[in-house]
Amino acid sequence: MEPLNPSSPLLSSPMTDAAASTIAAISTPAGVGGIAVVRLSGPDALRIADSVWHGRRLSEVASHTAHLGEIIDSDGSMLDQAVATVFAAGRSFTGEATVEFSVHGSKWIQNRVVSRLIEAGASPAKAGEFTLRAVRNGRIDLAQAEGIADMIAASSKAAQRLAATQMKGTFSRHLDSLRQQMVDMASLLELELDFSEEDVEFADRSHLASLCDTAIAQIDSLAATFKAGKALKEGVATVIAGRPNAGKSTLLNLLLGDDKAIVSDIPGTTRDVIEDTAEINGILFRFIDTAGLRDTSDSIEQIGVDRARRQISAADILLWVIDPTDPEGVTPQLVEFADTLRSLPHLPHSLLLFNKSDLGAAASSESESAKTASSDGENLSIAVPESAQTKLPKGESLSIDLSAIPRISISAADGSGIDRLTAQLTTLAEEGCDPAADIIVTNLRHYEALRLTSDALHRVADLLPTDLPSDLIAQDLREATHYLGTITGAITPADLLQTIFSRFCIGK
Ligand code: GDP
């Protein structure tokens, strides 16, 4: 990657005013460890390092070499025995000369080493400043820097894999090629403008229209991976709901392998929402056990029921637990499920879990419920509110046949059927986004920029067949190119950079 143009807004960011300074910070987590790493980066890094170091002169050693020596305190005493790893300018993460001191992990030593480096001429690094310098010096782009932040935060195999592709720059390269297509289109349009007085139509508008359609399709298919990509990165919100006593808490404990929720046969025991995470087949699930949904006069329980409804509205996956041993039977529980779906603004993926199969009632009642569902006249098919029909043209209605929702017979008590459940959960989590695919959007900022790009390109597509002069169309095209460019930082307002890097920790 080329270093940024000196007129780039990146260089005018308030965070880079001290760009010529040498910065220092602890780069390992806060707390006591066997060792800790203190990083020093900037034009004076080697001189400052040598001024506190007793051992080989670090300014004279080869890049990427490690040296045992002593850090000397201001009174001349040994502060710590340490290993200094040296990276030459142009060959380090930040692009600047860098020394990383591996010191003993006492909090006092870590802090004292940083203070000592500051006394010797370094400045304390601001949040994300090492990474910001890496971006500014063209070592990585903005999307890759965000990939690093995601890598540091990765809490599952899927999240790590998504972060790794972003960090390696695969996503950025794809965006760059899309952006190049748009730049090419803009120059074709501008040609038309240059020669318009000679009445020569250089830009064949139908060719441009087809280029535009291709670009829209590519941008939209990237944007379409966001919902699942975000869930894979942050954890798939999986809400467990159903009547009191259906076995929701027992199921939660089974999925977590932990006695987190209180299990009791007194209906209404889970009064609030209990949430915890578990990694299943490499994917992080956030399991949320809700209060049983029932009409209640207990005001505290009612708060729990309201919270449960809010959780269901935000769920990626809804597990509806049915208790076939309930004296009222299965049908009212299916009706409650249908009512709940009907009330939602967006439909989550759903699974119907027929619990307590160990009691022998689940399997038969499951098939009985299927019969009931088709013979009670209602067929339990539900009409979805218009607000939920995001993908349907206005006015068209969608009805969902409950018999199409997967049903799994389980026993939360003895674990039978759980393998089928976890396999289904994995399939649903990955729907719309193959985690092995190269490019998946996981960052809201990127998603919003893609939507804006797509909107601007749609305007271009609408205008191309008209007689509108090409300079007016070119304006929308430039806008599309601008929005796409904000993702990798090719075009990035300083305040945006400030926001992005302030979310990093100090030392990153
Ligand atoms: P919740 O109110 O939906 O959270 O239900 P709980 O998990 O507290 O369970 C209610 C009662 O049903 C408890 O006595 C559980 O031991 C029992 N239970 C839950 N799952 C099963 C199951 O699969 N089989 C049997 N036999 N009992 C279960």
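The model shown is predicted, which means the values in this text are computed figures rather than measured ones.

Q: Honestly, the environment of Leu-452 in this entry has me stumped. Any pointers?
A: Position of Leu-452 relative to the elements: it lies in helix H14 (residues 444–463). Overall, Leu-452 belongs to the partly exposed group, its relative accessible area being 38%. Leu-452 sits 30 residues away from His-482 along the chain, and the two C-alpha atoms are 9.6 Å apart.

Q: Explain the packing of helix H4 (residues 142–153) against helix H15 (residues 470–488) to me, please; I cannot follow it from the model alone.
A: Two measures define how a pair of helices packs: the angle their axes make with one another and the distance between the axes. Remark: H4 packs on H15, axes separated minimally by 5 Å, with the N-to-C direction vectors making an angle of 40°. If you check the angle between H4 and H15, you find them oblique. Of H15, the residues touching H4 (which contributes Leu-142, Ala-143 and Glu-146) are Thr-486, Ile-487 and Thr-488. The residue makeup of the contact of H4 with H15, split by class, is three nonpolar, two polar and one charged.

Q: I tried to follow the environment of Leu-132 on my own but got confused; where do I start?
A: Among the secondary structure elements, Leu-132 is positioned in helix H3 (residues 129–136). Residue Leu-132 is classed as buried on the basis of its relative accessible area of 1%. Sequence-wise, Leu-132 and Leu-497 are 365 residues apart; in three dimensions their C-alpha atoms are separated by 8.5 Å.

Q: Would you explain the packing of aromatic side chains in this entry?
A: Given two aromatic rings, one states the distance between the centres and the angle between the planes to describe the pair. Enumeration according to the criterion identifies four aromatic pairs in this entry. Of note, Arg-39 hangs over the ring of Phe-130, and the distance from its end group to the ring centre comes to 4.9 Å.

Q: Please clarify how the sheet that holds strand E12 (residues 349–354) should be interpreted in this entry.
A: Sheets are built from strands paired through backbone hydrogen bonds, the pairs being either parallel or antiparallel. In space, the six strands of this open sheet follow the order E9-E10-E8-E11-E12-E15, with mixed pairing throughout. Bordering the open sheet on either side are strand E9 (274–280) and strand E15 (407–409), each of which pairs with just one other strand. If you compare each strand with its neighbour and ignore which way they point, the axes differ by 25° on average. Sheet topology note: the strand E8 (residues 236–242)/strand E10 (residues 283–289) ladder contains five bridges and is parallel. Directly across from Val-236, in E10, lies its bridge partner Phe-285. The strands touched by helix H11 (residues 331–342) within the sheet are strand E11 (317–322), E12 and E15, with E11 carrying the most contacts at an inclination of about 160°.

Rules of the game
- Residues numbered from 1 in each chain as written.
- Predicted model: local features only at pLDDT ≥ 70, side-chain atom pairs only at ≥ 80, totals over all residues.
- Heavy atoms only, no water.
- Helix = DSSP H or I, 4+ residues; strand = E, 2+ residues; numbered from the N terminus.
- Buried < 20%, exposed > 50% of the residue type's maximum accessible area, 1.4 Å probe, protein only.
- Axes fitted to C-alpha atoms, helices over the stretch in contact; angles between N-to-C directions.
- Parallel < 35°, antiparallel > 145°, perpendicular 65-115°, else oblique.
- Contact = heavy atoms within 4.5 Å.
- Nonpolar A, V, L, I, M, F, W, Y, C, P; charged D, E, K, R; others polar.
- Phe/Tyr/Trp six-rings, centres within 6.5 Å; stacked < 30°, edge-to-face > 60°.
- Lys NZ or Arg CZ within 6 Å of the ring centre and 35° of its normal.
- Pairing = 2+ DSSP bridges.

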